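Each chain, written out:
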Amino acid sequence: MARFVMPLIHDATCSRELMSRKSAEEQARFYRTVWDNRRWRAMVKVLFGKPAIFVISPEADFFRFHSGSGVPEFLLERSRSTCRP
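Keep in mind that what you see is a predicted model, and the values were worked out from it rather than measured. (Residues numbered from 1 in each chain as written. Predicted model: local features only at pLDDT ≥ 70, side-chain atom pairs only at ≥ 80, totals over all residues. Heavy atoms only, no water.)

**Observations regarding the overall build of the chain**
Counted only if it meets this: Here a strand is any run of E in DSSP of at least two residues, a helix any run of H or I of at least four, and the numbering for each starts at the N terminus. Each residue gets one of three labels from its accessible area relative to the maximum for its type: buried under 20%, exposed over 50%, partly exposed in between, using a 1.4 Å probe on protein chains only. Here, two residues are considered to be in contact whenever any of their heavy atoms come within 4.5 Å of each other. The Shrake-Rupley method, run with a 1.4 Å probe, gives the accessible areas here. Residue values count only the displayed protein chains as cover.
In terms of helices and strands, the chain carries seven helices and zero strands. Counting from the amino terminus, helix and strand elements in the chain follow one another as α-α-α-α-α-α-α. By residue count, 29% of the 85 residues in the chain fall in the buried class. Contacts spanning at least 24 positions in sequence make up 58% of the contacts within the chain whose residues lie at least 6 apart. Roughly 6,300 Å² of accessible area belongs to the chain as shown, and the carbon and sulfur atoms make up 61% of that amount.

**Details of the packing of aromatic side chains**
Aromatic ring pairs are defined here through the distance separating the ring centres and the angle between the ring planes. Cut-off, in case you're wondering: Only Phe, Tyr and Trp rings take part, Trp by its six-membered ring, and two of them pair if their centres are within 6.5 Å. Stacked means planes under 30 degrees apart, edge-to-face means over 60, and tilted covers everything else. Our definition puts a charge over a ring when NZ of Lys or CZ of Arg is within 6 Å of the ring centre and also within 35 degrees of the ring normal.
Summed over the entire model, instances satisfying the criterion amount to one aromatic pair. Of note, Lys22 hangs over the ring of Phe30, and the distance from its end group to the ring centre comes to 5.1 Å.

**Looking at the confidence of the model for the chain**
Threshold: A residue's pLDDT is the confidence the predictor assigns to it, expressed on a 0 to 100 scale.
On average, the chain scores 83 in pLDDT, and the residues at 70 or more come to 85%. Mean pLDDT per element in the chain: helix 6 (residues 60-65) is the minimum at 64, and helix 4 (residues 38-48) is the maximum at 92.

**Looking at helix 3 (residues 24-35)**
Quick note on the threshold: The directions considered for the arc are those from the helix axis to the C-beta atoms.
Of all the residues in helix 3, the buried ones are Gln27, Ala28, Phe30, Tyr31 and Trp35. Mapping the buried residues of helix 3 onto a view down its axis gives an arc of 160 degrees, with all of them on the same face. Residues of helix 3 that are exposed and point more than 90 degrees away from the buried face comprise Arg32 and Thr33. Considering only its buried residues, helix 3 is in contact with helix 1 (6-9), helix 2 (12-19), helix 4 and helix 7 (70-82).

Here is the structure:
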């Protein structure tokens with residue numbers, strides 16, 4: 001993913017900037033203004049949506065316990081909440 005998908009979303013400089021040391025406020029501002037763009041959200045929805053999960057693990061039991069459509073939204077919300085000061 002880091003080698004093939006992430007370069008379509010953010011360049012290496014942007015990825016390094018996300019991981020660089022900065023205050024919680026600066027981190028949250030960078031995430032909101034730079035990182036959390038339409039391409040990022042679309043990539044999460046495509047890679048972690050129900051069709052992709054079914055390709056990776058076609059176990060019907062997974063969908064009995066969790067709706068595949070909720071996985072991308074859960075991951076996006078967790079990443080947003082992690083970047084709050």
